[in-house]
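Understanding the architecture of this molecule
The lines below spell out each chain.
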Amino acid sequence: MVHYITPDSRLTIDRIKEIIDNNMTLALSDEAKARIQKCRDYLNKKMETQKEPIYGVTTGFGSLCNISISKEQLSQLQKNLVMSHACGVGDEVPQDVVRLMLLLKAQNFCFGYSGAQLQTVQRLIDCYNNDVLPVVYQQGSLGASGDLCPLANLMLPAILGMGDVYWKGRRCDVSEAYAAYGWQPIELQSKEGLALLNGTQFMSSYAVWSVLKAQRLSLQADMILSLSLDAFDGRIEPFFESLHMVRPHKGQLQTAEHVRRFTEGSQIIARHKAHVQDPYSFRCAPQVHGAAKDTIAYVASVVETEINSTTDNPIVLPDEDMVISGGHFHGEPLAMVLDFLAIAVHELGSISERRTYQLIDAKRGLPSFLVAKPGLNSGFMIPQYAAAAIVSQSKQLCTPCSVDSIPSSQNQEDLVSMGGNAATKCYRVCENTERVLAIELFNAAQALDFRHEEGLKSSPFIEKMVEDYRRCVNFVDIDEIMYRHIHASVRFLQEMAL
């Protein structure tokens, strides 16, 4: 299956999920090729006729914008830019995110406002299709002059044939892949290096990954909530539709509907309750999970606008006969929503940890720490500790990055977004929340087995989910090595078909 990169149709997050899930290859549409070539031809002609300097085309970069570059040095200027800016450090960017960077950079070029050569864009697609994935590092982007460091590390192997890649399951020098496919380093033309490095594809790739992960976690949180509610012998009334219609936030309505559907047919949920109210972590779950859903939807709308935009600089407008130096590379729109998304996903984990605590607290007929002989056995005491530690770390990570700025480039770039940091920390919060939900699932399945001893069944949906889960994680009768169960629980959520 082939996905055609084209300016004619909007690239959505759902479509990206299809591309990933179906392992689709990429290709440029005819319209994309025409636009890319038209822009390059226009820029070549513009350079022959315009005597005034054009930023990034015939000048240096950043605070060096007042230095003119001779025609003979323009190609070397662009090559130097990529080499000198490849300053990424820290942990490596996950390969799934690197693939998204290649896809989204090609998408950025397809609109024909960047001046890239057609062969340059095609090389990005070739790297994607052949799984030649450059080694990119997480630290170095200010999220303002584009994601300069990580994009330079992306382009150094992909375009210039320098540096390391992951290819055929191992890390190697990119020259091995070049030799295998008969590729040659591309000689960059005017503006191309700047077009490759200016842009928000590091931030936006992390954002796409995080939105997809958040959507998945949001649904799984509702499923695990439903299991915990039943195992806790909770009340269903706080999830009635008539209650939520008097405060009809969309996400809140969706969460309540999910819980009603997932618990339908449960003997436990239907039996008489002696208790009048449940703790907030159960009773207010529609409001908390729902607010997260609404946030995820808003963030997704911003991200989709970003990935269907041209975000480098300067912008080349052939039809208007203009080359305009602006600020589309500035990551503030993404930085803010990535901070917001991290907070929303964290809240799914925060309320999950509270439900885990309620389940082990010897309430409503459940044994202390969910083991039959507490004292001799510590049972599920420490998984809750682990969840609490993870949630605490996520709270620290949720400090907004977008409120910070450190000037750079001799104060030419005097306010930056720090969106690169917002992107990588949002990724970490998503992974943290997945682990916290896995721990709640571990506890809730254990608690439900004690309800089974009362002769009661949950809903068909929940019983089937727990049956599938028990193929990966067994009931804990006496103390065992618990980390293996927690890791298996995480894998269960990652592999669960939704």
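Right, let's walk through the structure included here. Keep in mind that what you see is a predicted model, and the values were worked out from it rather than measured.

1. Let's talk about the side chain of glutamate 306
For glutamate 306, the position within the fold is in helix α14 (residues 285–307). Among buried Asp, Glu, Lys and Arg side chains, glutamate 306 stands out as unpaired, with arginine 10 the closest opposite charge at 9.8 Å. Excluding its chain neighbours within four sequence positions, the residues that come into contact with glutamate 306 are Thr200, Ser204, Thr311 and Leu334.

2. Focus on the sheet that holds strand β6 (residues 164–167)
Read across the open sheet, the three strands follow the order β4-β6-β7; overall the sheet is antiparallel. Two strands in the sheet have a free side with no partner beyond their single neighbour: β4 (133–134) and β7 (170–173). The pairing of β4 with β6 spans two bridges and is classified as antiparallel. Across the sheet, proline 134 pairs through a bridge with valine 165, a residue of β6.

3. Looking at the pairing of strand β1 (residues 2–5)
Each regular strand displays side chains that alternate between the two surfaces of the sheet. Of the two faces of β1, the one lined by His3 and Ile5 is fully buried and the one lined by Val2 and Tyr4 carries no buried residue. Strand direction decides the pairing type here: β1 and strand β2 (residues 25–28), joined by four bridges, are parallel. From the neighbouring strand, valine 2 faces β2, where its bridge partner is threonine 25. With helix α1 (residues 13–21) bridging β1 and the parallel β2, this β-α-β connection has right-handed handedness.

4. What about the packing of aromatic side chains?
Following the criterion strictly, the structure yields 12 aromatic pairs and no others. Taking the centre distance of 5.2 Å and the plane angle of 75 degrees together, the rings of phenylalanine 202 and tyrosine 206 count as edge-to-face. Pair noted here: phenylalanine 202 and tyrosine 206 are both in helix α9 (residues 201–231), with a separation of four residues, about one helical turn. Residue tyrosine 206 is classed as buried on the basis of its relative accessible area, which comes to 0%. Through successive ring pairs, a cluster of aromatic residues spans Trp167, Tyr178, Tyr181 and Trp183.

5. As for the layout of surface pockets
Space inside the largest pocket adds up to approximately 1100 Å³. If you trace the largest pocket, you find 32 residues lining it, with Lys17, Leu212, Lys213, Gln215 and Arg216 closest to the centre. Elements supplying a minimum of two residues to the lining of the largest pocket: α1, α4 (95–109), α9, α11 (250–263), α14, α17 (419–452) and α19 (483–495). Here the residues of the lining of the largest pocket sort into 13 nonpolar, five polar and 14 charged.

6. Quick look at the packing of α9 against helix α18 (residues 460–470)
Relative orientation and spacing of two packed helices are given, respectively, by the angle between their axes and the distance between those axes. Packing of α9 against α18 leaves a shortest axis separation of 10 Å and a crossing angle of 105 degrees. Between α9 and α18, the interaxial angle falls into the category roughly perpendicular. Of α18, the residues touching α9 (which contributes Met223, Ser226, Leu227 and Asp230) are Phe461, Ile462, Met465 and Val466. When its residues are assigned to classes, the contact of α9 with α18 shows six nonpolar, one polar and one charged.

7. Quick notes on the pattern of salt bridges
All chains considered together, the criterion is met by 29 salt bridges. Across the pair aspartate 233 and arginine 271 runs a salt bridge, and its minimum N-O distance is 3.2 Å. Residue aspartate 233 is located in the loop between α9 and α10 (241–244), and its partner arginine 271 is located in the loop between α12 (267–270) and α13 (280–283); the two are separated by 38 residues in the primary sequence. When its relative accessible area of 8% is taken as the criterion, aspartate 233 is described as buried. When the shortest N-O distance is used, the salt bridge between glutamate 454 and arginine 271 registers 3.2 Å. Highlighted residues: glutamate 454 in the loop between α17 and α18 and arginine 271 in the loop between α12 and α13, separated in sequence by 183 residues. On the accessibility criterion, glutamate 454 (38% relative accessible area) is partly exposed. The exposure class assigned to arginine 271 is partly exposed, which follows from its relative accessible area of 27%. A network of salt bridges, in which partner residues are shared, links Asp233, Arg271, Lys273, Arg451 and Glu454.

Rules used throughout
- Along each chain, numbering runs from 1 in the same order as the chain's sequence is written.
- Restriction of local features to residues with pLDDT of at least 70 applies here, the model being predicted, together with a cutoff of 80 or more for giving and counting side-chain atom pairs; totals for whole chains, interfaces and linings are based on all residues.
- As a rule here, side-chain values cover all heavy atoms of the structure and leave hydrogens and water aside.
- Labels follow the DSSP assignment, with helices taken as runs of H or I lasting at least four residues and strands as runs of E lasting at least two, numbered in each case from the N terminus.
- Throughout, exposure labels follow a simple rule: accessible area from a 1.4 Å probe, protein chains only, divided by the maximum for the residue type, with under 20% read as buried, over 50% as exposed, and the rest as partly exposed.
- We treat Lys and Arg as the positive residues and Asp and Glu as the negative residues; His and chain ends play no part in the count.
- Whenever Lys or Arg places a side-chain nitrogen within 4 Å of a carboxyl oxygen from Asp or Glu, that contact is recorded as a salt bridge.
- Between two residues, a contact is recorded if the distance between any of their heavy atoms is within 4.5 Å.
- Between any two strands, pairing holds if DSSP finds at least two bridges.
- By definition, the crossover connecting two strands over a helix is right-handed if that path, from the first strand to the second, turns clockwise as seen with the strands pointing away from the viewer.
- A pair of aromatic rings is counted whenever rings of Phe, Tyr or Trp (Trp by its six-membered ring) have centres within 6.5 Å, and the orientation is called stacked for planes under 30 degrees apart, edge-to-face for over 60 and tilted otherwise.
- In this analysis a 1.4 Å probe is tested at points of a 1 Å grid over the protein atoms alone, and where it fits but cannot get out there is a cavity; an open set with protein on both sides within 12 Å along at least five of seven lines is a pocket; lining residues have an atom within 4 Å of a point.
- Grid points are joined across faces, edges and corners, and a volume is the space filled by probe spheres set on the points.
- Gly is placed with the polar residues, together with every amino acid not listed as nonpolar (Ala, Val, Leu, Ile, Met, Phe, Trp, Tyr, Cys and Pro) or charged (Asp, Glu, Lys and Arg).
- Note on geometry: axes are C-alpha line fits, over the in-contact stretch for helices, and angles between N-to-C directions span 0 to 180 degrees.
- Angle categories: roughly parallel below 35 degrees, roughly antiparallel above 145, roughly perpendicular from 65 to 115, and oblique for all the rest.

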